[in-house]
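# An overview of the molecular structure
One letter stands for each residue in the lines below.
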Amino acid sequence: MRLRLATPRIGGMLALAAVIAVLPLFLPNNFYFDVVILVGLNAIVCIGLNLLVGYAGQISLGHAGFFGLGAYASAILTSTYGWPPVAALLAGAAGVGLLAFIVARPIMKLRGHYLAMGTLGLGIIISIVLTQEVDLTGGPDGMPVYGFSVLGWEPSGVLVWYWIVGGLLLLTVWLALNIVESPVGRALRAVHGSEAAAQTMGVDVVHYKVLVFVVSAVLASIAGSVFVHYIGFVTPSEAGFVHSIELITMVVLGGMASIYGAVVGAAILTMLPQLLTFLHDYEMLGFGAIMMGVMIFLPKGLVPTTARLIRDRAR
Amino acid sequence: MLTEFLQFLLSGVTVGATYALVGVGFSIIYNASQVINFAQGEFVMLGGMMAWFLFERAGLPMPAAVPLAIAGTVMVGLALEKFAIEPARNASIVTLIIITIGASIFLRGGAQLVWGRDFHALPALSGDAPIDLSGVAVNPQSLWVMGCTLIVIVLLHWFFSHTMTGRAMRAVAFNMLAAQLAGVNNRLILMFSFGMSAALGALAGVLIAPITLTYPDVGIMLGLKGFCAAILGGLGYPYGAIVGGLIVGISEAMTAGYVSSAYKDAVAFVIILMTLFFMPNGLFGRRGIERV
Amino acid sequence: MSLLTVDSLSKAFGGNLVIDDLSLTVRPGAVHSIIGPNGAGKTTLFNLVTGIYTPESGRILLDGAETTGLAPYRMAGLGLSRTFQNLQVFFNMTALENVMVGMHLHCDSRFLPAMLRLPRIVRRDAEMADEAAELLRFVGLADAIDADSDALPYGALKRLEIARALATKPRLLLLDEPAAGLNPAETGEIDGLIQRIAETGVTVVLVEHDMRLVMGVSEHILVLDRGTLLAEGTGEEIRHNPDVVAAYLGEEGRYL
């Protein structure tokens, strides 16, 4: 095994860790920290979504539903029932995992547009339920969430949250890279490449589709739980169609079958609205134009396209 | 009891007809290009908004505003095909979905920019006074919606069976390569499909705006539910989309009336999940076989 | 003692009977070819044996054990592997990774150990990479070891599929038109490769149209026509069988 610094695992993680370690020096105030923390949380969801969409070749237009369920599970269990936050987070993740498992089998039988529509329908149903069950969820106005505490310790201030999210992101990247570079990762990509051939090689295609769907749903749920404790509030829009579209766009923009692509995509799209505010009324127009433009001209996404350019130059 | 039921049925058929028109548009574009046009709902929005603008701001009478609004939307549909779909013809399904979603956002952004975010009303084609049909209050506009949809169905049937273009479109839907080899110009068919779907969407928008008001975001849910109609009927089968639209509309109205108006919006999506799980090819679709 | 037995198999597509009460046996340890005019049902037979299609009636037995109706992913575990007529290469992976997928059943493919990057998994991955490289050399793709599969020429891709199928360590290898689209020189290489594979003890069954390859490499030929077994025997016997000639050339051929 040659130890090369340029590998995604070592070089990439070092670079990411370095960026996370050094970034606080460059962030002038809390607003910037806020954006960066959101980038981190979106990146965690996107890494899971990328495993599903980029590596395994499936689609999900309803992933925000899982994020929202994790968010509300934490919100309701801690604020209404007084559960300890970590227990609520784990319970939410387990519940979402179970839901994803039940739904995965019938949904993953679908292909292409039908799969897209199925996941879309699921996401919208989740968001409608969260909006309508006013007694439980506070309805469209949302509900407040009590702060995070682990065995009595509470994060004090934005910087601590930054380290928490940064650490979680690094952990997620490490775990995801492990999966990708293992037989499981190859099996996922085989499912994407050719289901018939994958079956012939002994890969249980249905099993892997369900597995990656559940894993990506659980990641989204965990990110949702951390999110609500950080923000202190939750609304049904976290589970909404618009959020689902933002997530899938981050993945496609950053690059399919690319863990770092998911991070880059999350970073760009989370920061883009802030960058576009100078456009004022043209913001939505600009966003739509950028989405179309990038997909038409860089269909593989930013990171794989850049990586290929670098590799072709090197030859 | 009965009048209540008929009332719900009527409103269900009215909104169902709208979903039907949107769903037909989806199927037509899908047939020509295998693309799911997530901006379909925006055609509905543009039809209504343009008609409002031409009538209210430009002072045109309705008989002029409506056709112009439809024509304007057709222009937008053709532009969408030319500048967003054409360049990305061989892209993956996910990429194409994102492109049309981007187009949908772009069009909504444009509408907000030009016309603002407010809700607007369009005058009904023959007045607001409800007609009393044995206790059931019938909104005249509903009759227009249903009537126009019926006319559209008849026209579509004639178009697909008796015109060269219509038959060419059916050929493309069946087997794109074979149609090309038989001399069908797929690019023209594609443009035509987008134009036609835009016209259908805009018509739906103009018809429904007097009842439900029009505003830049009206297309999102309408588009999604129209899509549900198309899938229920069988993606690619325009007649199926009509039946699908009516089923979705009526189910929605019945749910709102008898069960809970809060969950009305969920009905379409529950229907679509059930369809996808149990009859993925829809009511009228045929099962395909993948050859390896 | 048969490795593969097909017993009264029937398969219809929408009323069209593609396989019609077909029965045949394949002995272990030889190279067999299945030939027949287009539409005879050769690839459909492969798809039935590998579980991609389910037959309307009849049975399929692998080494005496019934495999009719088993899910396709179970077949590799029973010692059966195949290549595809329309290439089903994993174009989203390198050539090496393609072959490594073939070893899926010969490694720990569980999720948790993979996610935690247990040393055992890492070591096995390194071993598999070496074994995969060996297989690529075996099929004559030594220079393609580090290549992206979507950068390889057609002939190389045909051989890549064979390497991948061999990675499953099959007892029975089905090759679906391995020489389709290849020029005579490349076909000669496939001939040599098939013989090298047979020498390792793997039973090979190929579907082919290239008669020179079929005659050169097979010890046993089965002729399919319109979904049934028309004739079987050695190359010489088949070549002079009037029914076979008629099937390919039409009734007039019977008198040629």
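Residues numbered from 1 in each chain as written. Chains lettered and ligands numbered in written order. Predicted model: local features only at pLDDT ≥ 70, side-chain atom pairs only at ≥ 80, totals over all residues. Heavy atoms only, no water.

### Brief notes about the overall build of chain C
A tally of regular secondary structure across chain C gives 9 helices and 10 strands. Computed over its C-alpha atoms, the radius of gyration of chain C comes to 19 Å, within 12% of the 18 Å expected for a compact globule of 256 residues. In terms of overall dimensions, chain C has a C-alpha envelope of 65 × 40 × 35 Å along the principal axes. When contacts within chain C are restricted to residue pairs at least 6 apart in sequence, long-range pairs at least 24 apart make up 67% of them. Across chain C, 22 positive and 34 negative side-chain charges occur, with their mean positions spaced 6 Å apart. (Helix = DSSP H or I, 4+ residues; strand = E, 2+ residues; numbered from the N terminus. Rg over C-alpha atoms; globule rule 2.2 N^0.38 Å. Contact = heavy atoms within 4.5 Å. Lys, Arg positive; Asp, Glu negative; His and termini not counted. Charge placed at Lys NZ, Arg CZ, Asp CG, Glu CD.)

### Details of the interface of chain A and chain C
Each side of the interface is counted separately: chain A has 31 residues, and chain C has 37 residues. A buried area of about 2,800 Å², summed over both sides, lies between chain A and chain C, and 63% of it is on carbon and sulfur atoms. Considering only the side of chain A, the residues that lose the most area to chain C are Arg186, Thr200 and Met201 of chain A, jointly responsible for 25% of the buried surface there. For the interface between chain A and chain C, the tally reads 5 salt bridges. In this structure, Glu97 of chain C engages Arg189 of chain A in a salt bridge whose closest nitrogen and oxygen atoms are separated by 3.1 Å. (Buried area = accessible area lost by both parts, 1.4 Å probe. Salt bridge = Lys/Arg side-chain N within 4 Å of Asp/Glu carboxyl O.)

### Regarding the packing of helix 5 (residues 154-166) of chain C against helix 6 (residues 184-199) of chain C
All names here are of chain C. The contact between helix 5 and helix 6 brings their axes to 11 Å, and the two run at 10°. Classified by the angle between their axes, helix 5 and helix 6 sit roughly parallel to one another. In this structure, helix 5 contributes Gly155, Arg159, Ile162 and Leu166 to the contact, and helix 6 contributes Glu186, Glu189, Ile190, Leu193 and Ile197. Grouping the amino acids of the contact of helix 5 with helix 6 by side-chain chemistry returns 5 nonpolar, 1 polar and 3 charged. (Axes fitted to C-alpha atoms, helices over the stretch in contact; angles between N-to-C directions. Parallel < 35°, antiparallel > 145°, perpendicular 65-115°, else oblique. Nonpolar A, V, L, I, M, F, W, Y, C, P; charged D, E, K, R; others polar.)

### With respect to unusual backbone geometry
Phi at Ala257 of chain A is positive, roughly 50°, even though this residue is not glycine. Residue position: Ala257 of chain A is located in the loop between helix 11 (241-254) and helix 12 (259-276). The phi dihedral of Leu213 of chain B falls on the positive side, at around 70°, and the residue is not glycine. Structurally, the position occupied by Leu213 of chain B is in the loop between helix 8 (186-212) and helix 9 (218-233).

### Comments concerning the nonpolar core
Proteins that are soluble and globular tend to have nonpolar side chains buried together. Residues Leu61, Val173 and Ile259 of chain A together with Phe38 and Phe227 of chain B are the most contacted members of the largest nonpolar core, which totals 207 residues. At 16 residues, the largest contribution of residues to this core is made by helix 10 (residues 205-231) of chain A. Residues contacting Val173 of chain A, with those up to four places away along its chain left out, are Met13, Leu16, Ile47, Ile259, Tyr260 and Val263 of chain A. The next biggest cluster of nonpolar side chains, apart from the first, holds 40 residues, and it includes Val139, Leu166, Leu175 and Val202 of chain C. (Core = buried A, V, L, I, M, F, W, Y, C linked by side-chain atoms within 4.5 Å. Buried < 20%, exposed > 50% of the residue type's maximum accessible area, 1.4 Å probe, protein only.)

### Some points on the pairing of strand 3 (residues 31-35) of chain C
The two faces of the sheet receive side chains in turn, since in a regular strand these alternate between them. Residues and elements named next belong to chain C. Of all 5 residues in strand 3, 5 are buried; the element is thus mostly enclosed. Burial of the side chains of strand 3 extends over both faces: Val31, Ser33 and Ile35 are buried on one face and His32 and Ile34 on the other. Bridge count between strand 3 and strand 8 (residues 203-207): 4 bridges; the pairing is parallel. Directly across from Ile34, in strand 8, lies its bridge partner Val207. When strand 3 meets strand 9 (residues 220-225), the two strands line up parallel, connected through 4 bridges. Residue pairing in the sheet places His32 in a bridge with His220 of strand 9. (Pairing = 2+ DSSP bridges.)

### Section: the environment of Gly48 of chain A
Residues and elements named next belong to chain A. Relative to the assigned elements, Gly48 resides in helix 2 (residues 30-55). We classify Gly48 as buried; its relative accessible area is 0%. For Gly48 and Ala91, which are 43 residues apart along the polypeptide, the C-alpha to C-alpha distance reads 19 Å. Dropping the residues within four chain positions of it, Gly48 is found in contact with Ser216 and Leu219.

### Description of the interface of chain A and chain B
With 41 residues of chain A in contact, the opposing surface of chain B contributes 44 residues. Across the chain A/chain B interface, buried area totals approximately 3,700 Å², and carbon plus sulfur atoms make up 85% of it. In this assembly, chain A and chain B are joined by 0 salt bridges. Elements represented by at least two residues in the side of chain A that touches chain B include exactly helix 4 (85-107), helix 5 (112-132), helix 11 and helix 13 (283-297) of chain A. The element contributing the most residues to the side of chain A that touches chain B is helix 5 of chain A, with 14 residues. Looking at the side of chain A that touches chain B residue by residue, the classes come out as 31 nonpolar, 7 polar and 3 charged.

### A closer look at the sheet that holds strand 2 (residues 16-26) of chain C
Residues and elements named next belong to chain C. Judged by pairing direction, the sheet is antiparallel, and its 4 strands sit side by side in the order 2-1-4-5 without closing on themselves. Pairing within the sheet leaves two strands with one partner each, and these edge strands are strand 2 and strand 5 (65-66). Note: strand 1 (residues 4-13) against strand 2, 7 bridges, orientation antiparallel. Residue pairing for strand 2: Leu9 is matched across the bridge by Leu22. Relative to the sheet, helix 1 (residues 42-49) contacts strand 1, strand 2 and strand 4 (57-62), its axis offset from that of strand 1 by approximately 115°.

### Observations concerning the packing of aromatic side chains
Going through the model one piece at a time under the given rule, you end up with 15 aromatic pairs over all chains. Between Phe31 of chain A and Tyr32 of chain A, the ring centres sit 5.9 Å apart and the planes meet at 80°, which makes this aromatic pair edge-to-face. By relative accessible area, which is 46% here, Phe31 of chain A ends up partly exposed. Residues Phe66 of chain A and Phe213 of chain A carry aromatic rings whose centres are separated by 5.6 Å and whose planes lie at 85° to one another, so their mutual orientation is edge-to-face. Of this pair, Phe66 of chain A sits in helix 3 (residues 64-80) while Phe213 of chain A sits in helix 10, and the two are 147 residues apart along the sequence. Here Phe66 of chain A matches Phe213 of chain A in class, with each residue buried. In this structure an aromatic cluster arises from ring pairing among Phe33, Tyr162 and Trp163 of chain A. Its end group placed over the ring of Phe138 of chain C, Arg196 of chain C keeps NZ or CZ at 5.3 Å from the ring centre. (Phe/Tyr/Trp six-rings, centres within 6.5 Å; stacked < 30°, edge-to-face > 60°. Lys NZ or Arg CZ within 6 Å of the ring centre and 35° of its normal.)

### Some details on the confidence of the model for chain A
Averaged over chain A, the pLDDT score is 89; the fraction of residues at 70 or greater is 97%. In the model of chain A, helix 6 (residues 134-137) of chain A stands out as the element of lowest mean pLDDT, 82, in contrast to helix 10 of chain A, which has the highest, 95. (pLDDT = per-residue confidence, 0-100.)

### So, a nonpolar patch on the surface
Residue and element names in this part refer to chain B. On the surface, Val243, Ile247, Val270, Met274, Phe278, Met279, Leu283 and Phe284 cluster together into a nonpolar patch covering about 690 Å² of accessible area. Only helix 10 (238-259) and helix 11 (264-278) provide two or more residues apiece to the nonpolar patch. For the nonpolar patch, the element with the highest residue contribution is helix 11, accounting for 3 residues. Tracing the backbone through its elements, the reader meets Phe284 in the segment after helix 11. (Patch = residues over 30% accessible without salt bridge, like charges linked within 9 Å, V, L, I, M, F, W, Y side chains within 5 Å. Areas by Shrake-Rupley, 256 points an atom, 1.4 Å probe, with all protein chains shown as cover.)

### Here we look at the sheet that holds strand 8 of chain C
Residues and elements named next belong to chain C. Pairing within the open sheet is mixed, and its 6 strands lie in the order 6-7-8-3-9-10. Since the sheet does not close on itself, it has two edges, and those belong to strand 6 (80-82) and strand 10 (228-233), each with one partner. With direction set aside, neighbouring strand axes in the sheet form an average angle of 20°. On top of the sheet, helix 1 reaches strand 3, strand 6, strand 7 (172-176), strand 8 and strand 9; it is set at about 145° to strand 7, its chief contact.

### Describing the pattern of salt bridges
All names here are of chain C. Enumeration over the complete set of coordinates arrives at 26 salt bridges over all chains. Across the pair Glu66 and Arg59 runs a salt bridge whose closest N-O atoms are separated by 3.4 Å. Residue classification places Arg59 among the partly exposed positions, given a relative accessible area of 36%. Between Arg137 and Glu134 there is a salt bridge whose closest N-O contact spans 2.7 Å. Placement of the pair is Arg137 and Glu134 together in helix 4 (residues 119-138), with a separation of 3 residues, close to one helical turn.

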